[in-house]
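Overview (structure and organization)
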Amino acid sequence: MADAEKSPAETDPRFALMDYAMGYLFPAALRAAAALGVADHLIDGPRSVADLAEAVGADPRNLYRTLRLLATREVFVEGADGRFGLTPAAELLRGDVPSSFRSAVLMLTDPTFWRTAGELTEAVRTGTAPFERLFGMPFFDHFARDAETAAVFHVGMAAMSDPENPIVARACEFPPDAVVVDLGGGHGGLLLAVLREHPGVRGVLFDQPHVLREHRLGELGEDDRWELAAGDFFGAAPPGDVYLVKRILHDWDDEQCVRILRHCRRAVSGRGRVLVVDAVVPPGNDPDPGKVIDILMMSSLTGRERTRAEFAELFARAGFRLARVLPTGTRLSIVEGVPV
Ligand SMILES: C[S@@+](CC[C@H](N)C(=O)[O-])C[C@H]1O[C@@H](n2cnc3c(N)ncnc32)[C@H](O)[C@@H]1O
């Protein structure tokens, strides 16, 4: 289309900047709908806003304005009769469905991320995340304070990981009888998928004691090819053949990552490997989800999303060689390190 045929909103970058600057309002509306449990009240079909507002305890006019915005991205839909109903995305905001994403939305829009992102200038200026100043302690200490706070992160994290776990598990290759250690494996969603996908392997779920208390490996029923190992991955890693390190290294700076990987190097068997599962940031200007979540790491933690070359450097410092990078079709790749 020639510039002359375009509207001012398409040609004047101030309109784009205006939209970018207000980009935080959609997540705000999404959080409100998730927090109020709107989707749970639409299970039996569309409802008028007045009816819905009464059911969730909300102001009808403001609920309408919130749902109207969400419907622009197919999260809820307004019918010709003015009633709102579920869409496939809104369905996942229900709390009672197995693939519910509600806790992931509430985690990703939690004040611990929201407030720190609001102070990003400080992180950019000083090189240090504002998290500790705002919340009085490091990220994972905050989320160990009490069971309710822990659940916000760890239940949300498990829901966020659920769609990617079976895909990652299928993409992983293991020696047939390998001991697979999921380092910082949270509630065990990835290990669960690995054990289901790979009948010969055994699994060790390694994480902090209060996280392991909520593990999900019992879903395997009679299948007891797993054990729990509570500990600190800065102190040691349990023995094993293959180390899964998913969404871990991006939380930590280079020195901390090298410490974690060196413990894997010390503990790994002769036929072993480390499989780091994280975003691998591509070069260039194209949009990439890794470039987005990187900002979250910058504002709340000491870590960052890394390029292939940066992973290769971490591996080299810890006694591994980067053998290959396998894209998985999710937002994550498998970065494979073999001991040298
Ligand atoms: C971002 S979550 C990733 C969880 C899981 N791997 C996934 O992909 O869903 C980071 C995990 O590291 C664990 N963790 C943080 N610090 C730890 C430490 N010092 N030792 C062991 N685990 C730790 C947390 O409890 C949490 O489960």
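Above this note sits the structure.
Each chain has its residues counted from 1, following the order in which its sequence is written. Reporting in this predicted model follows two pLDDT cut-offs: at least 70 for local features of residues, and 80 or more for side-chain atom pairs to be given and counted; totals over whole chains, interfaces and linings ignore these cut-offs and use all residues. Only hydrogens and water are set aside; all other atoms, that is, all heavy atoms of the structure, feed into the side-chain values.

Here the focus is the packing of aromatic side chains. Any Phe, Tyr or Trp ring, taking Trp's six-membered ring, that has another such ring centre within 6.5 Å forms a pair; planes under 30 degrees apart are called stacked, those over 60 apart edge-to-face, and the others tilted. Applying the stated criterion across every chain, the model contains 14 aromatic pairs. Ring geometry for Tyr64 against Phe84: centres 5.8 Å apart, planes inclined by 65°, an arrangement best described as edge-to-face. In this pair, Tyr64 sits in helix H5 (residues 60-71) while Phe84 sits in strand S2 (residues 84-85), placing the two residues 20 residues apart along the sequence. According to the relative accessible area criterion, Tyr64 is partly exposed, its value standing at 26%. Summary of the burial criterion: residues with accessible area below 20% of their type's maximum are buried, those above 50% are exposed, and those between are partly exposed, where the area comes from a 1.4 Å probe applied to protein chains only. We classify Phe84 as buried; its relative accessible area is 0%. Ring plane angle 85° and centroid distance 6.2 Å describe the contact between Phe233 and Trp252, whose orientation is recorded as edge-to-face. Separated by 19 residues along the polypeptide, Phe233 in the loop between strand S5 (226-230) and strand S6 (240-246) and Trp252 in the loop between S6 and helix H16 (254-267) bring together distant segments of the chain. Comparing Phe233 with Trp252, the two get one shared label, buried. Taken together, the ring pairs in this structure connect Phe113, Phe131, Phe135, Phe139, Phe140, Phe143, Phe153, Phe233, Phe234 and Trp252 into an aromatic cluster. Runs of H or I in DSSP of at least four residues are treated as helices and runs of E of at least two as strands, each being numbered from the N terminus.

Looking now at the site of the ligand. Lining the immediate surroundings of the ligand are 19 residues, of which Ser161, Gly184, Asp207, Gln208 and Lys246 lie closest. Definition of a polar contact: a pair of N or O atoms within 3.5 Å, with one able to donate and the other able to accept a hydrogen when the atoms are protein atoms, and with sequence-neighbouring residues admitted only if both atoms are side-chain atoms. In the environment of the ligand, a nitrogen atom lies 2.8 Å from a nitrogen or oxygen atom belonging to the side chain of Asp232. For the area figures, the Shrake-Rupley method with a 1.4 Å probe applies, and any residue is considered shielded solely by the protein chains shown. For the ligand, the accessible surface in isolation is 590 Å², of which the surrounding protein chains cover 94%. No other element matches helix H12 (residues 147-161), which puts four residues into the shell around the ligand. Under this grouping Gly is polar, as are all residues other than the nonpolar Ala, Val, Leu, Ile, Met, Phe, Trp, Tyr, Cys and Pro and the charged Asp, Glu, Lys and Arg. The residue inventory of the shell around the ligand, partitioned by class, reads eight nonpolar, six polar and five charged. Boundary definitions for the domains trace back to an automatic or database domain assignment. Residue-level mapping places the shell around the ligand at the junction of two domains, with at least three residues from each of domain 2 (107-158) and domain 3 (163-339). Being near a molecule or strand, for a residue, comes down to having at least one heavy atom within 4 Å of it.

A few words on H12. Multiplying one less than the number of residues by 1.5 Å gives the expected span of a helix. Across its 15 residues, H12 extends 20 Å between first and last C-alpha, which sits within 8% of the 21 Å expected from 1.5 Å per residue. Turning to H12, its buried residues are Thr149, Ala150, Phe153, His154, Gly156, Met157, Ala158, Ala159, Met160 and Ser161. The backbone nitrogen of Glu148 has a side-chain oxygen 3.1 Å away, supplied by the residue at the start of H12, namely Asp146.

Turning our eyes to something else, we now look at the sheet that holds strand S7 (residues 268-278). Two strands pair if DSSP finds at least two bridges between them. Here we have seven strands laid out as an open sheet, ordered S5-S4-S3-S6-S7-S9-S8, and mixed in their pairing. The open sheet is flanked by S5 and strand S8 (320-327), the only strands paired with a single partner. Averaged over neighbouring strand pairs, the angle between their axes works out to 20° when direction is ignored. Two strands pair when backbone bridges link them, and S8 and strand S9 (residues 333-339) are joined in this way by seven bridges, in the antiparallel orientation. Paired with Leu326 across the two strands is Ile334, which belongs to S9. Each of S7, S8 and S9 is contacted by helix H18 (residues 308-318), which is oriented at about 150° to S8, the strand it contacts most. As a rule, the C-alpha atoms of each element are fitted with a line to give its axis, helices using only the stretch in contact, and angles between N-to-C directions run from 0 to 180 degrees. Contacts are assigned to residue pairs with any non-hydrogen atoms lying within 4.5 Å of each other.

With that settled, consider the side chain of Arg306. Examined against the element boundaries, Arg306 turns out to sit in the loop between helix H17 (289-300) and H18. Using a relative accessible area of 1% as the deciding quantity, one classes Arg306 as buried. At 3.4 Å, the side chain of Arg306 forms a polar contact with the backbone oxygen of Arg304.

Take the pattern of salt bridges next. Every case where a carboxyl oxygen of Asp or Glu lies within 4 Å of a side-chain nitrogen of Lys or Arg is listed as a salt bridge. Under the definition given, this model contains 23 salt bridges. Here Arg133 ties to Glu119 by a salt bridge, and the two come within 3.3 Å at their closest N and O atoms. Of the two residues, Arg133 is situated in helix H10 (residues 131-135) and Glu119 in the loop between helix H8 (111-118) and helix H9 (120-126); the sequence distance between them amounts to 14 residues. As a salt-bridge pair, Asp254 and Arg306 come within 2.9 Å of each other at their nearest N and O atoms. You can see Asp254 sitting in helix H16 and its partner Arg306 sitting in the loop between H17 and H18, a full 52 residues away along the chain. The partly exposed category is assigned to Asp254, whose relative accessible area is 23%. Bridged by salt links that share partners, the residues Asp162, Arg196, Arg216 and Glu219 form one connected network.

Structural measurements only, silent on function.
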